[in-house]
Amino acid sequence: MNPVAGGAFALATVGKVVLFFTVLMLAVMLATIFERKVCGFMQDRSGPNRVGPWGLLQVIADGIKNLLKEETMPEQAVRPFFLLAPVLAILPATILFAVIPFASPLPTPWGLVEMIVADVPIGFLYVLAIGSIGVYGVAMGGWASGSKYSLLGGLRGSAQMVSYEVALALSLVPLILLTGDVRAPEIVSMQQTFTAGPATYATWFVFPLLVGLFFFFVSGLAETNRLPFDLPEAEAELITGYHTEYSAMKFSMFMIGEFAHVITVAALVTVFFLGGWDIPFWQGDNIRVLSDGTVIGEPTWWKTLLTLGAFGLKTSLLVLVFVWIRWTLPRFRYDQLMDLGWKFMLEAVTVYILVIAFVILGIEAVGIPAGGWYAFVLFLVNLALAGALFFAMDRGTLIRGGAKGARSAGGDAAQGQGG
Amino acid sequence: MVRVAPLDGKAASHPSVRALRERFSEGARRVESDALGYPVVWIDPRINGEALRFLREAPDQAYDLLADLMGAHAGIGAPIQVWYQLWSMAHGRQLRIACEVPMHDLELDSVTDLWLAADWLEREVWDMYGVSFRGHPDLRRILMPENYEEGFPLRKDFPLRGRFSRSAQVSRALSRDLIDIYAVDELEMAGYAVTDDGGVRAPPERAAEGGAPGGIRDVSPDEQPEDALEGEPILINMGPQHPATHGVLRLVLQLDGERVVRCSPHIGYLHTGFEKTCEFREWNQCVPYTDRMDYLAPMLYNIGYAGAVEALLDVEITERCRVVRVILGELNRILGHLLWLGTTAIDIGAFSVFLYTFQERERIYNLHEAYTGGRITTSVTRVGGMMADLPVGWTAAARDFAATFPETLDEVERLLSRNAIWQGRTMDIGVLSADRAVSYGVTGPTLRASGVAYDVRKARPYLGYEEYDFDVPVGTAGDVYDRYLVRVEEMRQSVRIIEQALERLPGGPINIDDYRIVLPPKGEAMGSIDTMISHFKLVMEGVRVPAGETWYSIESSKGELGFGIVSDGGTKPVRCRFRGPSFINIASLPELVRGELVADVVAINASLDVVLGEIDR
């Protein structure tokens, strides 16, 4: 079966756009209630439980409330930018989803429909490019509000997002080194086992690129402005920062943008490191569409559904991790965050890229072919690197308090308790 | 009017009293002993600066803690009294210096160069009594609005009501005159020059616009630190409505980027004149005012106030009452520290801790409710005892709390103590050295975190605290992290005290049996004519407290909580001074935050554990 082409392709694409925008928005809704329920569970309380069964309809109620609330427009605000900012906050997070493959290809009478909205050849370079636009929403919202707190939030936000953008992009370089391709569907295929076609690694990249996953996840966390990186909002310091002056649906759009961003980052981690829609320990779902149109494997509609489920499950678990982190950790301080980004992450990622590059060079010099053993060697290297990394990031070494130096950095915690 | 108690041996032999008499024979002519037996030296107002300098600087005196500086006014026409309550850390000695300042010459030497604490305290005396202090760097109103022109509220010629001209206040609020809207230091921060006669001169760039008063935006560039990038600092208001100021505290911050160049705290938004109101209430009627000041640990205030009045009455409360007060006091210390822990964690971003601590607070509130019927405003004490005996089953519930509460504390400590981000946010932040802390008059956990083991429970035990076995945790670095550790450890020590107290809780009556002070039981009042007369007199007139004065202090959850009380023998106090520890502690904030980041301002402000109710009173 050949991939769809021509009019059918256009129609299928429009269908996918509509379908997946709807699904994403629904997912955002579910993510908000999910976060509140999980947070309630973690904090030993019920969470929303008034509207609908288990409070599931709370999001609908909130939506109605936000639509009906008064839209405020601060006198000092710069109107056009003030209105544009929420749009710019929500836009990148949603269109990022276009390059994420979320299920195995679906066979239809008109041909094979790939379950990705736009399989652009530049793949995740698109992700990085579009992801950077998100900073405009924050910076613009903060500046256009005409409030000093918002301005500080906007400044923090733009500095933070630009800084972590670098680490985010660099943390994906080892992935390119490994796959030699930037297309997301190809990256998913590379993590599957095939008997025919070009060689693959037969294992999820979480193993050969463990440290890369860590860097990507941390940078992603910073990109989404969530705790411990929620400094642009920093409720206690900046009274929610760049969206202080927003109300009703405009405020809601910032929130939707944030949750959409969380889901997008979770989906990206899934695709890049957790095998995308691949179902583990089962080879039946291994379907690959080569660039010349050849299809390896046997696509069926139920496999599409199953892999969609697998993708959804992995993404949800990652969203759970996001929520878990948010309700556990305190917040960084602004300078600590920048130090972490520029003075640690950047260097560490660069070193990591070099190490991986040399290891790959070595493996290929030895002559191990791409596949399980290749990945295993990389995994061992990563384990060693991870050990070193977490040792380096231990208490008192990386994040420091004030410069007054009343105590030597870290370590003397117990001395505070005298008799 | 003031009872001149016979000078007993203890007060007369006080080494500082002797030294003062030798040195200032004429100036320190009168020495009294207050209700607690501590010496009070009345000195000539003209030599107050000299005498206090001697007490501060002479090595065998070394009164390094100015615990309180308060005014009192006996009546219309009488001189204003100013009390300096001193404590020497090195010698463990207490001394009160008092001056009578005649109304025609209301001037004293400022002691701000001896104790940093005197800055705000002298401002308060100026604000309330109109006593001006020579050499004070910034003598202006502190609790009342800057432009308040109606007089000095705590003077006896200032009536409780009827003086306040609302229309004058409103017209001033609506005025376009800058000096009526902004504080002087804000105007100065913004580059405006304020002349002595209250005129405001706009900065040059504003003058070009006709000097029209707009919002304050421009800042003089000479405040910038050396490494500042080109650009002008911004001025932001943190508060009075801000989630991290824990009440209506307003901090005017001058920022260079995110770094604080200057911070000016403004208080008084919650000023309700409790001290003035108390002068118009019977002794027992003052109790409900006390728990509204520190609504986070209300019973400590109740207990302290009752203790102060009982000291004046010179009555011994029953053993059961003492132990019950210890239990309640320690429960409330935990209550206050838990709120501190939760809100500080939320300020630093750890939200969940807040919910954990509030669940435990809820359990203490349930104990409050079971005993008093109220949860926040408990009003639990009466002069001479408690409002009632403990209800059946209460001690079992308290024991259950003491047994299970440390688990939550362990959980919170696991979340925070060794957390890299938490340590990074708190270590070396807001460092207050021991010397500075004492000079600022900072007390409580904040002082102990700086390494000074001063706890009123140990220094001048009350309610039999010397009979309990507990430790006073002391920090080393004096930063936010140490304040956190000290408070967490104090909660554990409080649990220890509660357990010991519950163990020893004796039976017997909770109130004393003197029906001139406590209400007799209804049945007895109906059965005997003598008791009925007592009941009637107590209800109609209230307790009569013999003339005298005292300064009685306890260790509240926030620091040394002092009650400076003067009675003229009537049923109402002449002066009811509440030395809220927060008021003194918060005065150190500008120094602590200078040069730190906005995020640290939040952490440092939280670490001082202030409650605006007792700051503004």
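Residues numbered from 1 in each chain as written. Chains lettered and ligands numbered in written order. Predicted model: local features only at pLDDT ≥ 70, side-chain atom pairs only at ≥ 80, totals over all residues. Heavy atoms only, no water.

*Asks:* Explain the overall build of chain A here, please?
*Replies:* Per the secondary structure count, chain A includes 13 helices and 4 strands. By residue count, 54% of the 419 residues in chain A fall in the buried class. Taking as baseline every contact in chain A between residues at least 6 positions apart, the subset at least 24 positions apart corresponds to 76%. Per element, the accessible surface of chain A, about 17900 Å² overall, is 72% carbon and sulfur. (Helix = DSSP H or I, 4+ residues; strand = E, 2+ residues; numbered from the N terminus. Buried < 20%, exposed > 50% of the residue type's maximum accessible area, 1.4 Å probe, protein only. Contact = heavy atoms within 4.5 Å. Areas by Shrake-Rupley, 256 points an atom, 1.4 Å probe, with all protein chains shown as cover.)

*Asks:* Is there a simple way to explain the overall build of chain B in this structure?
*Replies:* The secondary structure content of chain B amounts to 25 helices and 17 strands. Each of the 617 residues in chain B was classed as buried or not, and the buried ones make up 63%. Looking at chain B alone, contacts between residues at least 24 apart form 67% of all its contacts between residues at least 6 apart.

*Asks:* What is the right way to look at the sheet that holds strand 11 (residues 250-256) of chain B in this model?
*Replies:* The strands making up a sheet associate through backbone hydrogen bonding, with each pair oriented either parallel or antiparallel. Residue and element names in this part refer to chain B. Judged by pairing direction, the sheet is antiparallel, and its 3 strands sit side by side in the order 10-11-12 without closing on themselves. What marks the edges here is a single partner per strand, and that holds for strand 10 (234-238) and strand 12 (259-266). Averaged over all neighbouring strand pairs, the angle between strand axes comes to 20 degrees, with direction disregarded. (Pairing = 2+ DSSP bridges. Axes fitted to C-alpha atoms, helices over the stretch in contact; angles between N-to-C directions.)

*Asks:* Is there a simple way to think about the environment of Leu385 of chain A in this case?
*Replies:* Residue and element names in this part refer to chain A. With respect to the helices and strands, the residue Leu385 is situated in helix 13 (residues 372-392). For the pair formed by Leu385 and Val355, sequence separation is 30 residues and the distance between their alpha carbons is 9.3 Å. Apart from residues lying up to four places away in sequence, Leu385 is in contact with Val211, Tyr352 and Val355.

*Asks:* Explain the pattern of salt bridges to me, please; I cannot follow it from the model alone.
*Replies:* For side chains of opposite charge, pairing can occur when their charged atoms come near one another. Evaluation of the coordinates by the stated rule reveals 49 salt bridges over all chains. Salt-bridge contacts for Glu71 of chain A lead to Lys250 of chain A; the nearest nitrogen and oxygen are separated by 2.8 Å. On the criterion of sequence distance, the pair formed by Glu71 of chain A in the loop between helix 2 (58-68) and helix 3 (79-95) and Lys250 of chain A in helix 10 (residues 248-273) is long-range, its members being 179 residues apart. According to the relative accessible area criterion, Glu71 of chain A is partly exposed, its value standing at 38%. We classify Lys250 of chain A as buried; its relative accessible area is 10%. Note that Asp471 of chain B and Arg496 of chain B form a salt bridge whose closest N and O atoms lie 3.3 Å from each other. (Salt bridge = Lys/Arg side-chain N within 4 Å of Asp/Glu carboxyl O.)

*Asks:* Help me understand the packing of aromatic side chains, please; the structure alone is not making it clear to me.
*Replies:* Geometrically, a pair of aromatic rings is defined through the distance of the ring centres and the angle of the planes. Summed over the entire model, instances satisfying the criterion amount to 29 aromatic pairs over all chains. Seen in terms of ring centroids, Trp422 of chain B and Tyr484 of chain B are 5.2 Å apart; in terms of plane orientation they differ by 70 degrees. Their pairing is edge-to-face. With Trp422 of chain B in helix 15 (residues 420-426) and Tyr484 of chain B in helix 19 (residues 480-504), this residue pair connects regions lying 62 residues apart in the sequence. Comparing Trp422 of chain B with Tyr484 of chain B shows no difference in burial state: the two are buried. Connected via pairs of aromatic rings, a cluster forms that spans Phe82, Tyr242, Tyr246 and Phe254 of chain A. When the ring centre of Tyr465 of chain B is taken as origin, the NZ or CZ atom of Arg457 of chain B, which lies over that ring, is 5.8 Å away. (Phe/Tyr/Trp six-rings, centres within 6.5 Å; stacked < 30°, edge-to-face > 60°. Lys NZ or Arg CZ within 6 Å of the ring centre and 35° of its normal.)

*Asks:* Help me understand the confidence of the model for chain A, please; the structure alone is not making it clear to me.
*Replies:* Note: predicted coordinates in regions of low pLDDT should not be interpreted at a detailed level. Of the residues in chain A, 93% reach a pLDDT of 70 or more, and the chain-wide mean stands at 81. Low confidence marks residues 408-419 of chain A, where pLDDT is under 50. Its contacts with residues over four positions away, or in another chain, come to 24 contacts. (pLDDT = per-residue confidence, 0-100.)

*Asks:* Where do I start with the side chain of Lys16 of chain A in this structure?
*Replies:* All names here are of chain A. Inspection of the secondary structure puts Lys16 in helix 1 (residues 6-42). Among the polar contacts made by the side chain of Lys16, one reaches the main-chain carbonyl oxygen of Ile116 at a distance of 2.8 Å. Excluding anything up to four places from it in sequence, Lys16 contacts Phe21, Val113, Glu114, Met115, Ile116 and Val117. (Polar contact = N/O pair within 3.5 Å; in protein donor to acceptor, adjacent residues only side chain to side chain.)

*Asks:* What exactly am I supposed to notice about helix 13 of chain A here?
*Replies:* For an α-helix, 3.6 residues make a turn, and residues three or four places apart therefore share a direction. All names here are of chain A. Between the first and last C-alpha of helix 13 there are 30 Å, a value that for 21 residues agrees with the 30 Å anticipated at 1.5 Å per step. Within helix 13, the full set of buried residues consists of Tyr374, Ala375, Leu378, Asn382, Ala386 and Leu389. Summarising the axial view, the buried residues of helix 13 lie within an arc of 100 degrees, below the 170-degree limit, and thus occupy one face. Within helix 13, the exposed residues directed more than 90 degrees away from the buried face are Trp373, Ala384 and Phe391. (Expected span 1.5 Å × (residues − 1). Arc of directions from axis to C-beta.)

*Asks:* Any chance you could explain the sheet that holds strand 1 (residues 30-33) of chain B here in plain terms?
*Replies:* All names here are of chain B. Strand order in this open sheet of 5 strands is 1-2-5-4-3, and the pairing throughout is mixed. In this open sheet, the two strands that pair with only one neighbour each are strand 1 and strand 3 (65-73). Across this sheet, the average inter-strand angle for adjacent strands is 20 degrees, counted without regard to direction. Bridge analysis of strand 1 against strand 2 (residues 39-43) gives 4 bridges, and the strand direction is antiparallel. Among the inter-strand pairings, Val31 is bridged to a residue of strand 2, identified as Val41.

*Asks:* How do you make sense of the nonpolar core when you look at a structure like this?
*Replies:* Nonpolar side chains in soluble globular proteins tend to end up buried together. Residues and elements named next belong to chain B. One finds Leu20, Leu69, Tyr84, Ile97, Tyr305 and Leu341 to be the most contacted residues of the largest nonpolar core, which totals 181 residues. At 14 residues, helix 12 (residues 319-348) tops the list of elements feeding residues into this core. Shared between two domains, this core holds at least three residues of each, these being domain 1 (9-134) and domain 2 (274-579). (Core = buried A, V, L, I, M, F, W, Y, C linked by side-chain atoms within 4.5 Å. Domains from an automatic or database assignment.)

*Asks:* Explanation requested: the side chain of Gln61 of chain B in the structure shown.
*Replies:* Relative to the elements of secondary structure, Gln61 of chain B occurs in the loop between helix 3 (48-57) and strand 3. For Gln61 of chain B, a relative accessible area of 2% puts it in the buried group.

*Asks:* Where do I start with unusual backbone geometry in this structure?
*Replies:* Among all residues save glycine, negative phi is the norm, and among peptide bonds the norm is trans. For Asp44 of chain A, which is not glycine, the phi torsion reads 65 degrees and is therefore positive. Looking at the secondary structure, you find Asp44 of chain A in the loop between helix 1 and helix 2. One non-glycine residue with positive phi stands out, namely Ser379 of chain B, at about 45 degrees. With respect to the helices, strands and loops of the structure, Ser379 of chain B is situated in the loop between helix 13 (351-372) and strand 13 (381-382).

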